[in-house]
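Structural overview for review
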Amino acid sequence: MASLKLLLGIIPSTSKIEQAERALISEFEKLHVFSESEVLTRYNVLNGLVNSSDFVQKCKELKSLRYKNSEEYLNEKEFFSLQKAKDIVLYFKTTSGNILKRFKDMDGSSKINEFEALEKFIESPGFREKQKMKPFTFKDTDEYRKLDEYRALKKDPEIKAFLKSPKKKRSFFKPSKNKSQPKVEIIKTRSILRFEELSAFIKSSEFLAKKNMRPITFKDSEEYKKLLEYKRIKRTLEIKEFYKFKSSNEYANFLDTDGSARLKRYHELKEYVATSEFKQRKEYLQDKKRFEKTEMFKEIQEYNKLKKDADIIWYFKVKDSDKFDILKQRELTFSDEFDGEKLDTKKWLTNYYWGEKLLKDRYSIESDLQAYTEKENFEVRNSILRINTKPQRSTGKVWSVANGFSIKEFSYTSGLINSGTSFRQKYGVFTAKIKLGNPNAKSAFWMLADKITPHLNICRTSTGKVWFDYYPTKGNGSKTSIGSRYSKDYYIYTLEWTSDKLVWKINGAEVFSQTSDVPQEPMYVLFAGGLDKPINGLTSMEIDWVRVYTAK
C-alpha cells in the first residue's frame, strides 16, 4: 500500500530529481576526467615526492646547512689560522726579503769555504799548540847547541893540549916514513877535528848572524798570519751577516717551515679558498634564502598551491565517499533519450514481439478499443516520444482466446513499442520519465518475457488511477494504485529487480514491493497507449527517456 506522503503527493519533484541526477552524473564524469588530468597527475607526483622520507630528509638537511658547520668553513678557518701563524708569517717575510737571497748567494761560495777552512785550522789542536809556543831564541837553535859543544870541547884536556905552544905539541906528531916529507907528521884525533870544525863554524858570518837573532814568537809564525786573516775576514759585513742570519731564529724557522707539511697545507688551502667553487659554495651556504632558490622549494610551493586548489580539494573529498556509489554500482545497458527526429527502429519494434515474429502483422487484444499502427501514432519532437491515442477508424486484427485472430473495425488508433529483438535483461533497474496522460486511457510501461507471464506493469493508467501490478502466472497477481494526479505530469517510474525482490518507485519513493514469485528470466521493455473505455478526443503518453541499468 502506498504511503500517506505518496497519496498526498509529498514526494521529490521530478525536475529536482533530474537536476540532482544530472549534477551527480556530471560531477562523476568530471571526477573521471579529473582523475586522468595532468593537474591531478602532477599533484600525485608532488604529493608522493614532498611527503617521501627521502625528500623530507633532504629538505631538513638543506635547511639545516650552516656555513659555520661546513667543511668549507673549517678549511677557511684553518687557512686564516695558518695565514696569521707566526712561523708562516715569518717564513714569507724571510722569503720576500733580500737577506735570504744574499745568504743563499754566499752559502757554499769560495769566500765561505775559505773562511770556514781558516776557522777549522784556527780551531785545530795543532794551531792551539802553536799559539801556546814559547819565544824561539838563539839558545833554541842548532847553532847554540854547536856553540855549547864547542865550549865543552874547548875545556877538554886533549883540546887544551892541542891549543898549547908548538913545543908542547910534539907529542901529537910522529916521524914520517916518507923521506920526501918532513920527518915529523901531525896526528889529529876525532875530537880535535870536531873542535876545529866547530871553531871555524862559530867564526862564520852565518853563525854570528844567528847568534845576534831576535827571539822568534807566535806572531812571527805563518799560523799567526792565518789567524790575522781569519779575524779580518770574520769582521767583514757580509760574513757577519751570513753567520748572524745562519744562527738566527728566522733562518731556523725558514728551515723548519720550508717544504713542511704545514706549509704545503697552507698553499693547498690558499689555492682552495681562491677557487670559484669555494666562493660559490660559501655564498650558497651564507645565503639565507638559499632554500627558496632550490627546485625542492619550487616543488613544495607548487604542491601547496595545488593542495589548496578547489578541484583538488573537491576530488579528494568525493573520490572515496559514497556520493557516487549509485553510479559506480550500476552500468547502463539500454537507453533511449529520443534525441532523433523519428523512432529508432533498431531498438524498437512497433508491434508485439510475437506478432512480428509469427504473424508479421500488428494486432490488438479482445478488450482493446484501438488498433496499433506502424508509425502514424508516434511523434518524436524536442527529445520526447509521444504515443498518441486518438479517435480514428481503422481495420485491424484482434486476438481472443476463444476465436483466435479475426478482423475488427476499430474507432481508435494508438502505438506500441518493445525491445524484444534488441534488448532483454534479467535483474537490474528499469526506469523511465513519463507523462502518462489521461488516467482513464490505458497507457502502460511494462515488461514481458517469452510468454504472457510473468507480466510486470511498472506503471499504467486505467479507471482514473495510476497502477503498479505484477502477474507471475495467469490469474495470479498483486497490485496497488495511486491517484490520478500522477498521470498529469512527468514522473520517474522505476522498477528495481533483484533475485529475491521487486520494488516499484515513483520519483524515488517506494510504491509497491514483491518478494514472492520474483521472475528469474530475461525480460524486455514495452510502452503502449490504448483504451478499454471510450474517451473524448486525443490523449498522449509522453516519454522523455528510458534507461536500464545492471548491477556491476
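Take the overall build of the protein chain next. Looking only at helices and strands, one finds 22 helices and 19 strands in the protein chain. The C-alpha atoms of the protein chain give a radius of gyration of 73 Å, which is well past the 24 Å a tight globule of 552 residues would have. Along the longest, intermediate and shortest principal axes, the C-alpha atoms of the protein chain span 230 × 55 × 40 Å. The burial tally for the protein chain puts 39% of its 552 residues in the buried class. Restricting to contacts in the protein chain with at least 6 residues of sequence separation, those with at least 24 account for 70%. A total accessible area of about 33,700 Å² is found for the protein chain, and carbon and sulfur atoms account for 52% of it. Considering the protein chain, the positive charge centre built from 106 side chains and the negative charge centre built from 79 side chains are found 14 Å apart.

Each pocket or cavity is described by its volume, and for the largest pocket that value is around 1,200 Å³. Around the largest pocket sit 39 residues that line it, and Tyr352, Ile365, Leu448, Ile452 and His455 are the ones nearest its centre. When residues of the lining of the largest pocket are traced back to their parent elements, those giving at least two are helix H22 (353-359), strand S4 (363-365), strand S7 (384-400), strand S11 (444-448), strand S12 (455-462), strand S13 (465-473) and strand S18 (524-528). A class-by-class count of the residues in the lining of the largest pocket yields 19 nonpolar, 11 polar and nine charged. Looking at the second largest pocket, its volume works out to about 630 Å³. Taken together, 25 residues line the second largest pocket, and the ones lying closest to its centre are Ile326, Arg330, Val429, Thr494 and Glu496. Looking at the lining of the second largest pocket, the elements that each hand over two or more residues are helix H2 (14-35), helix H21 (325-328), strand S10 (428-435), strand S15 (491-497) and strand S19 (539-551). Its residues placed into classes, the lining of the second largest pocket shows 12 nonpolar, eight polar and five charged.

A few words now on helix H5 (residues 71-84). Compared with an ideal rise of 1.5 Å per residue, which puts 14 residues at 20 Å, H5 spans 20 Å between its outermost C-alpha atoms and is within 8% of the ideal. Restricting attention to buried positions, one finds in H5 the residues Glu72, Asn75, Glu76, Phe79 and Leu82. An end-on view of H5 places all buried positions within 125 degrees of arc, on one side of the element. Among the exposed residues of H5, those oriented more than 90 degrees off its buried face are Leu74 and Lys84. Looking at the packing, one finds that the buried side of H5 touches helix H6 (86-96), helix H17 (261-273) and helix H18 (276-286).

Among the surface-exposed residues, Arg151, Lys155, Lys160 and Lys211 lie close enough to one another that they form a single positively charged patch. For Lys211, the position within the fold is in helix H13 (residues 205-211). By relative accessible area, which is 40% here, Lys211 ends up partly exposed.

Turning our eyes to something else, we now look at the environment of Leu385. Residue position: Leu385 is located in strand S7. Taking the relative accessible area as the measure of exposure, Leu385 reaches 0% and is therefore buried. Placed 301 residues apart in sequence, Leu385 and Lys84 show a C-alpha to C-alpha distance of 101 Å. Sequence-distant contacts of Leu385, defined by excluding residues within four places in its chain, comprise Phe338, Leu343, Phe378, Glu379, Val380, Ile417, Met541, Glu542 and Ile543.

Right, let's talk about the side chain of Arg290 for a bit. With respect to the helices, strands and loops of the structure, Arg290 is situated in the loop between H18 and helix H19 (295-307). A polar contact is formed between the side chain of Arg290 and the backbone oxygen of Leu62, at a distance of 3.1 Å. Discounting chain neighbours no more than four positions away, the residues touching Arg290 are Leu62, Lys63, Leu65, Arg66, Tyr284 and Leu285.

Okay, the sheet that holds S13 next. Taken in spatial order, the six strands line up as S9-S18-S11-S12-S13-S14 in an open sheet, and their pairing is antiparallel. One side of each edge strand has no neighbouring strand; the edge strands of this open sheet are strand S9 (416-418) and strand S14 (476-482). Strand-to-strand, the axes of this sheet are offset by a mean angle of 20 degrees, without reference to chain direction. The pairing of S11 with S18 spans five bridges and is antiparallel. Bridging across to S18, Phe445 finds its partner in Phe527.

Turning our attention to the nonpolar core. Core analysis: the biggest nonpolar cluster contains 45 residues, and Tyr493 and Phe527 have the highest contact counts within it. Judged by nonpolar contacts, the second largest core, of 30 residues, contains Ala85, Ile88, Phe278 and Leu285.

Rules and cut-offs
- Residues numbered from 1 in each chain as written.
- Predicted model: local features only at pLDDT ≥ 70, side-chain atom pairs only at ≥ 80, totals over all residues.
- Heavy atoms only, no water.
- Helix = DSSP H or I, 4+ residues; strand = E, 2+ residues; numbered from the N terminus.
- Rg over C-alpha atoms; globule rule 2.2 N^0.38 Å.
- Buried < 20%, exposed > 50% of the residue type's maximum accessible area, 1.4 Å probe, protein only.
- Contact = heavy atoms within 4.5 Å.
- Areas by Shrake-Rupley, 256 points an atom, 1.4 Å probe, with all protein chains shown as cover.
- Lys, Arg positive; Asp, Glu negative; His and termini not counted.
- Charge placed at Lys NZ, Arg CZ, Asp CG, Glu CD.
- 1 Å grid on protein atoms, 1.4 Å probe; cavity = no way out; pocket = protein on both sides within 12 Å on 5 of 7 lines; lining within 4 Å.
- Points joined across faces, edges and corners; volume = space filled by probe spheres on them.
- Nonpolar A, V, L, I, M, F, W, Y, C, P; charged D, E, K, R; others polar.
- Expected span 1.5 Å × (residues − 1).
- Arc of directions from axis to C-beta.
- Patch = residues over 30% accessible without salt bridge, like charges linked within 9 Å, V, L, I, M, F, W, Y side chains within 5 Å.
- Salt bridge = Lys/Arg side-chain N within 4 Å of Asp/Glu carboxyl O.
- Polar contact = N/O pair within 3.5 Å; in protein donor to acceptor, adjacent residues only side chain to side chain.
- Pairing = 2+ DSSP bridges.
- Axes fitted to C-alpha atoms, helices over the stretch in contact; angles between N-to-C directions.
- Core = buried A, V, L, I, M, F, W, Y, C linked by side-chain atoms within 4.5 Å.

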